[in-house]
Amino acid sequence: MADRGCPLEAVPLPAEVRDSLAELELELSEGDITQKGYEKKRAKLLARYVPLIQGVDPSLQAESRTPGPCQTAAAAPRQPKARPLNSRDERFRSDVHTEAVQAALAKYKERKMPMPSKRRSVLVHSSVETCTPPDTSSASEDEGSLRRLGQLTSAPLQSCPDVEPWLDRAFQGSSTSSSASSTSSHPGGRPAVPSTASALAATPPGLAAHTHVALHSAPPDVTTGLVEHSFCERPQVASVRGVPRGYRSSILETADGVPVSSRVSSKIQQLLNTLKRPKRPPLKEFFVDDFEELLEVQQPDPNQPKPEGSQMMVLEGEPLAVGTSWPPSLLAALQQWGTAQPKAPCLTALDTTGKAICTLTYGKLWSRSLKLAYTLLNKLTSKNEPLLQPGDRVALVFPNSDPVMFMVAFYGCLLAELVPVPIEVPLTRKDAGGQQVGFLLGSCGVALALTTDACQKGLPKAQTGEVVTFKGWPPLAWLVVDGKHLAKPPKDWHPPAQNTGSKTAYIEYKTSKEGSTVGITVSHASLLAQCRALTQACGYSEAETLTNVLDFKRDAGLWHGVVTSVMNRMHVVSIPYALMKANPLSWIQSVCSYQARTALVKSRDMHWSLLAQRGQRDVSLSSLRMLIVADGANPWSISSCDAFLNVFQSRGLRPEVICPCASSPEALTVALRRPPDLGGPPPRKAVLSMNGLSHGVIRVDTEEKLSVLTVQDVGQVVPGANVCVVKVEGTPYLCKTDEVGEICVSSSATGTAYYGLLGITKNIFETVPVTAGGAPVSDRPFTRTGLLGFIGPDNLVFVVGKLDGLMVVGARRHSADDVVATALAVEPMKFVYRGRIAVFSVTVLRDDRIVLVAEQRPDASEEDSFQWMSRVLQAIDSIHQVGVYCLALVPANTLPKAPLGGIHISETRQRFLEGILHPCNVLMCPHTCVTNLPKPRQKQPEVGPASMIVGNLVAGKRIAQASGRELTHLEDSDQARKFLFLADVLQWRAHTTPDHPLFLLLNAKPPSLGQPPLLMTAINTTAGPSISRKITTH
């Protein structure tokens, strides 16, 4: 500072000059004077004491300067130091403060005193760890010096080795420290006020005269609250306008408590404080219901079992065989067998009497598929444009009794690069779940449906003879794919589909337990990988015969009976559902007659066969090498498997032939038990405690107890897949070895997405399991299967339930299948139908409640039914330790049916919630299961978000809006859309469709029809005089 003149401590400023300087700086900070006027007045005040001041007019210096001892020393001309170009604002400069601070720092450095800490309140002592190093990125030289002066007046820093280095740099280094170094990080968010007495006591003598001016040179922290401790000592401040010069007791404040000597005006400080306070609560608080606080919270049982095993590892399946002579794609396999082996049988369909009505060869399949592909791409037009483009979705509507035409339609769509969407045949306009299926078709943009001539004739028709538009369905064009309706393609025409790779091959629909229907997309690559995995796991070979009892349009029936069979040139014998109802032994008879090597059934089919086998003695199952049980994931399928083996083992069935498997629409085939000749380990069973399973823990028990569940393994993981078990809820952490969780699969043979639903697609198809430490277990995503289970000995997969049937009652898990099995064990044959029982859960007071619905036999009396219901309640309570909310019996054949038998669970649940189930006997037991009753209501201390929403609704304020999708197909012609008024529409109707009846007047003699021309004439007759009278009156 030597280049600016003499040190200020050699020439002390009088009190009047200091007061004037403080008042001048206050006027500048509040905008009362300009920067130029401030500099001029300041230079005039200091010209007498500091001869060489940058930017002062010499005449002003000559007027006010008096000779002094320092003037001769400063007479030599010196170049002033260059101003920093990055200074934020010249109005914050103060040479007096700068020189005083530099002098004080020089004295402190000579004395080697400990550096003071940041300003801190004498009442609140915050920890040093809360201090942050100052930011030296943007501030002027003068601001840094002013802030360091504020630091000199605070208490000395205690022993803090972590903070001393950056504090030393702040005092001794660059003078461009930020404003953070002048305010303390008070825990309450308020700037600390230093003690005036201690500050003056620690100030050197030469600096004491300027302390009350320098204390308020730094701008305050406008982002924190104001000091509210009225009993704290306040530093003195120079007098301001309108205040006596001798007033020194306290800081002058505005009405809001803002010091008048601050660099920010009171209006700006008030504006900042207003902006800091949010005008309304966060958006998420408006959706928080305080009803949860009113319910009794059930405390977990301290004695409940908890998992104790180690963390499981990812189970890796065997790799897919390399070097096997597999076709490069599914369509290439179809072309190969269709041209090289045209007479080889591909599919045989049986009628309701068990006779073969049609045998489709590979040559016929290839030629008919080509015809259909050519017709779809070239013969269907709309307004002289092709109706379909590659990638469009097409609905396949075929009955379960016609697998031949379904297979032709399926491969015809694949050859044309169209995406087939197989659905069930709608029998009525009010089919169970039909509206949700229609919504799926609309979401997929389906405009064409393929069917057969016989199926189309059986569909409901409108008066015009066309197929009616079903409830919730989009308008569809129907195409019959029988041979006579297809065009023969030219010899030089080839289908566009080649190696489609990641493109979607088909969409399979799935209905959740709430009733919503989603479409699962499966790519060509995934379909090919699934074929190869099943071929390797099952050991399929060419010309092998397979008997299929399952639905060939979805799940395992499609994967084995339609896709993998073509890959390996197999012969499939399809058993329709109507034949199984008439003759449950038909599939066993077809195995004997066709010498089938593999059979694909469900445990229900095995149970039906047991009931009808007593009169059959000439059947033999010795040709079977694999009996695949598609619903082996059902825990109670083990009883059907054991009973079937005990009866048919004497008829050539070997124990190792029974092969249960587990699959899901999202992950396709997950696991499959293999015979010993294919490398499979011996089968295993597990007897598990139901109490442990309800808490998600595996505890081995004995079969003597009633509350146990015996499950069988579903085999090993399919080739080319990795499997792990994760937590059901929350972050997908890996489960422990004795813990039940959701099975996840990572493989190239899984579904890819939910069509059009990106949110849930990421949660299901892109799950990343993590370890307990949060590290991902693999760089590839996993797919959630919806199966609950664990990995047992020999790396065998065990399934104990499904997420769709999971009911969480009081933090305990119960499976709907388990409850059904318990109810069936209570003498079901006398009072209810065995296969007509539905169990689901409804939400009551934020918790799941179990509801059991069954069809009552017509000859059962009311008293007998109530006795049976009472025994069911007792059995469920003793075995599952859970109460039943409602048990209802309905008349026979009144529950909604699934397409292939059984009860439509989601539709039954919806009818129960809507009150249209119409039961004949009801037993409600809310007192045994509803234990979290609400607490007595108390007056709320303040208005909550829910009350604000209600108030806005009552006041008529719009808080949200929703828009529906555009209405389409309002009229037969688009011309009606250009009319905005009813009169215009009526006039247009009178000219275009004059004979169209609008209404029928029944009480007229004779009854008359209201037609557009007559209605138009009547309107003109009535409205004419009224209009003329109105004109004359005005």
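Residues numbered from 1 in each chain as written. Predicted model: local features only at pLDDT ≥ 70, side-chain atom pairs only at ≥ 80, totals over all residues. Heavy atoms only, no water.

## Focus on the overall build of the chain
As a reminder of what qualifies: A run of H or I in DSSP counts as a helix once it spans at least four residues, and a run of E counts as a strand once it spans at least two, with each numbered from the N terminus. Each residue is assigned to one of three classes by its accessible area relative to the maximum for its type, calculated with a 1.4 Å probe on protein chains only: buried under 20%, partly exposed between the two thresholds, exposed over 50%. Contact between two residues is taken to exist if any of their heavy atoms lie within 4.5 Å; hydrogens are not considered. Only the protein chains shown count as cover for residues, and all accessible areas are computed by the Shrake-Rupley method using a 1.4 Å probe.
When helices and strands are counted, the chain shows 32 helices and 33 strands. By the burial criterion, 48% of the 1034 residues in the chain qualify as buried. In the chain, of all internal contacts separated by at least 6 residues, the share reaching a separation of at least 24 is 74%. Accessible surface, the chain: about 52300 Å² in total, of which carbon and sulfur atoms supply 54%.

## Side note on unusual backbone geometry
A positive phi angle is found at Ala811, which is not glycine, with a value near 65°. Within the secondary structure layout, Ala811 lies in the loop between strand E26 (806-809) and strand E27 (812-815). The exposure class of Ala811 is exposed, given its relative accessible area of 68%. With a phi close to 55°, His918 is a non-glycine residue in the positive phi region.

## Considering the pairing of strand E10 (residues 504-511)
Looking along a regular strand, one sees side chains alternate from face to face of the sheet. Heads up, the rule is: Here, a strand pair is defined by DSSP locating no fewer than two bridges between the strands.
Counting buried residues in E10 gives six out of eight residues, a clear majority hidden from the surface. For E10 and strand E11 (residues 517-523), the ladder comprises seven bridges, and the chain directions are antiparallel. Along E11, the bridge assignment pairs Thr511 with Thr517. In textbook terms, the turn of a hairpin is the stretch between consecutive antiparallel strands, and for E10 and E11 this stretch comprises five residues, one of which, Gly515, has a positive phi near 105°.

## Thoughts on the sheet that holds strand E24 (residues 783-791)
Strands sit in the order E1-E21-E22-E24-E25 across an open sheet of five strands; the sheet is antiparallel. Because the sheet does not close on itself, it has two edges, and the strands there are strand E1 (315-316) and strand E25 (797-802). Here E24 runs beside E25; their pairing, made up of five bridges, is antiparallel. Within E25, the residue paired with Leu788 across the bridge is Gly801.

## Remarks on the environment of Gly434
Among the secondary structure elements, Gly434 is positioned in helix H15 (residues 434-444). Look at Gly434 and you get buried, because its relative accessible area is 15%. Through-space distance from the C-alpha of Gly434 to that of Ile423 is 9.8 Å; in sequence the pair is eleven residues apart. Beyond its immediate chain neighbours, meaning those up to four positions away, Gly434 contacts Lys471 and Trp473.

## Description of helix H21 (residues 603-612)
Our working definition: In this description, one arc is meant: the one made by directions from the helix axis to the C-beta atoms.
Taken residue by residue, H21 has Ser603, Asp605, Met606, Ser609 and Leu610 as its buried positions. Down the axis, H21 shows its buried residues gathered within 155° of arc, on one side only. Buried positions along H21 lie against helix H19 (577-582), helix H20 (586-594), strand E14 (598-601), strand E15 (626-629) and helix H22 (637-648).

## Thoughts on the environment of Leu21
Here Leu21 is to be found in helix H1 (residues 15-29). On the basis of relative accessibility, which here comes to 8%, the residue Leu21 falls in the buried class. With 21 residues separating them in the primary sequence, Leu21 and Arg42 have C-alpha atoms 6.9 Å apart.

## Here we look at helix H2 (residues 35-46)
Rule in force here: To estimate how far a helix should reach, multiply one less than its number of residues by 1.5 Å.
With twelve residues, H2 ought to run about 16 Å at 1.5 Å a step, and its terminal C-alpha atoms sit 16 Å apart, in line with that. All buried positions along H2 are accounted for by Tyr38, Arg42, Ala43 and Leu46. Each buried residue of H2 lies within a common arc of 125° when the element is viewed along its axis, so the set occupies one face. Facing away from the buried side of H2 by over 90 degrees, the exposed positions are Lys36, Lys40 and Lys44.

## Re the side chain of Gln530
Cut-off, in case you're wondering: N or O atoms closer than or at 3.5 Å make up a polar contact, with two conditions inside protein: a donor-capable atom paired with an acceptor-capable one, and, for residues adjacent in sequence, both atoms drawn from side chains.
Within the fold, Gln530 resides in helix H17 (residues 524-538). Judged by relative accessible area, which is 2%, Gln530 ranks as buried. A polar atom in the side chain of Gln530 sits 2.7 Å from the side chain of Thr669. Beyond its immediate chain neighbours, meaning those up to four positions away, Gln530 contacts Trp559, Leu668, Thr669 and Ala749.

## Observations regarding the sheet that holds strand E12 (residues 545-548)
Short version of the rule: As a rule, the C-alpha atoms of each element are fitted with a line to give its axis, helices using only the stretch in contact, and angles between N-to-C directions run from 0 to 180 degrees.
Spatially, nine strands are ordered E3-E2-E13-E12-E14-E15-E16-E17-E20 in an open sheet, and the strand pairing comes out mixed. For this open sheet the edge positions go to strand E3 (356-361) and strand E20 (716-717), each flanked by a neighbour on one side alone. Across five bridges, the pairing between strand E2 (residues 345-350) and E3 is antiparallel. Bridge pairing in E3 links Leu347 to Leu360. Sheet strands touched by helix H13 (residues 362-378): E2 and E3. Its angle to E3, the strand with the most contacts, is close to 75°. Along the sheet, helix H18 (residues 555-567) contacts E2, E12, strand E13 (571-574), E14, E15, strand E16 (658-664) and strand E17 (668-672); its crossing angle with E14, the most-contacted strand, is approximately 150°.

## Side note on the nonpolar core
Heads up, the condition is: Here, nonpolar core refers to any group of buried Ala, Val, Leu, Ile, Met, Phe, Trp, Tyr and Cys residues whose side-chain atoms link them within 4.5 Å.
By size, the foremost hydrophobic cluster in this structure holds 74 residues, and its most contacted members are Leu365, Leu376, Phe410, Tyr411, Leu450 and Val562. When residues in this core are grouped by element, the largest group, eleven residues, is from helix H14 (residues 403-415).

## Here we look at the packing of helix H25 (residues 816-824) against helix H27 (residues 862-880)
This is how the line gets drawn: Should an angle fall under 35 degrees it is called roughly parallel, over 145 degrees roughly antiparallel, and 65 to 115 degrees roughly perpendicular, with every other angle called oblique. Helix crossings fall into two classes, left-handed where the near helix is turned counterclockwise from the far one by less than a right angle and right-handed where it is turned clockwise. Three categories are distinguished: nonpolar for Ala, Val, Leu, Ile, Met, Phe, Trp, Tyr, Cys and Pro, charged for Asp, Glu, Lys and Arg, and polar for the others, with Gly belonging to the last.
Direction vectors running N to C along H25 and H27 enclose 130°, while the axes themselves pass 9 Å from each other. Taken together, the axes of H25 and H27 lie oblique to each other. H27 is crossed by H25, and the crossing has right-handed handedness. Between H25 and H27, the contacting residues are Asp818, Val819, Thr822 and Ala823 on the first element and Trp868, Val872, Ala875, Ile876, Ile879 and His880 on the second. Per-class residue counts for the contact of H25 with H27 are seven nonpolar, two polar and one charged.

## A few points about the pattern of salt bridges
As a reminder, the rule being used: Every case where a carboxyl oxygen of Asp or Glu lies within 4 Å of a side-chain nitrogen of Lys or Arg is listed as a salt bridge.
Tallied over the entire structure, the rule returns 21 salt bridges. Between Arg554 and Asp555 there is a salt bridge whose closest N-O contact spans 3.9 Å. Asp555 gets classed as partly exposed once you look at its relative accessible area, which sits at 25%. Salt-bridge contacts for Asp642 lead to Lys685; the nearest nitrogen and oxygen are separated by 3.1 Å. With a gap of 43 residues between them, Asp642 in helix H22 and Lys685 in strand E18 (residues 685-689) connect regions that are remote in the sequence. Judged by its relative accessible area of 28%, Asp642 falls in the partly exposed class.

## Let's talk about the confidence of the model for the chain
To keep things clear, this is the line we draw: What pLDDT reports is the predictor's confidence in each residue, on a scale of 0 through 100.
Per-residue pLDDT for the chain averages 76, and the proportion of residues at 70 or more is 70%. In the model, residues 52-93 has pLDDT below 50 throughout and makes 54 contacts with residues more than four positions away in sequence or in other chains. Of the regions scoring below 50 in pLDDT, residues 1027-1034 engages in zero contacts with residues more than four places distant in sequence or in other chains.

## A closer look at the state of the cysteines
Operational definition: Throughout, disulfides are identified as pairs of cysteine sulfur atoms within 2.5 Å of each other.
Throughout the structure, instances matching the rule amount to zero disulfides. No disulfide involves Cys538; its sulfur sits 7.8 Å from that of Cys659, the nearest cysteine. With no disulfide of its own, Cys735 lies 8.8 Å from the sulfur of Cys724, the closest cysteine sulfur. Classification of Cys735 by relative accessible area gives buried; the value is 0%.

## Topic: the packing of aromatic side chains
Here is the rule: Each pair of aromatic rings taken from Phe, Tyr and Trp, with Trp reduced to its six-membered ring, is defined by centres within 6.5 Å and is described as stacked if the planes are under 30 degrees apart, edge-to-face if over 60, and tilted in the remaining cases. Lysine NZ or arginine CZ positioned within 6 Å of the ring centre and within 35 degrees of the ring normal marks a charge as sitting over the ring.
What the rule picks out here adds up to twelve aromatic pairs. Ring geometry for Tyr374 and Trp493: centres 5.3 Å apart, planes at 80°, overall edge-to-face. Here Trp493 lies in the loop between strand E9 (477-480) and E10 and Tyr374 lies in helix H13, a separation of 119 residues in the sequence. Neither Tyr374 nor Trp493 differs from the other in exposure class; each is buried. Note on Phe840 and Phe912: the rings are 5.9 Å apart at their centroids and 65° apart in plane angle, and the pair reads as edge-to-face. Here Phe840 is found in strand E28 (residues 832-843), whereas its partner Phe912 is found in helix H28 (residues 905-914), with 72 residues between them in sequence. Under the relative-accessibility criterion, Phe840 is labelled buried at 5%. An aromatic cluster of at least three residues, connected via ring pairs, comprises Phe398, Phe406, Phe410, Tyr411, Tyr506 and Phe552. Across the ring face of Phe552, the terminal group of Lys553 is positioned such that the distance to the ring centre comes to 4.9 Å. The residue whose ring lies beneath Arg604 is Trp608, and the NZ or CZ to ring-centre distance is 5.0 Å.

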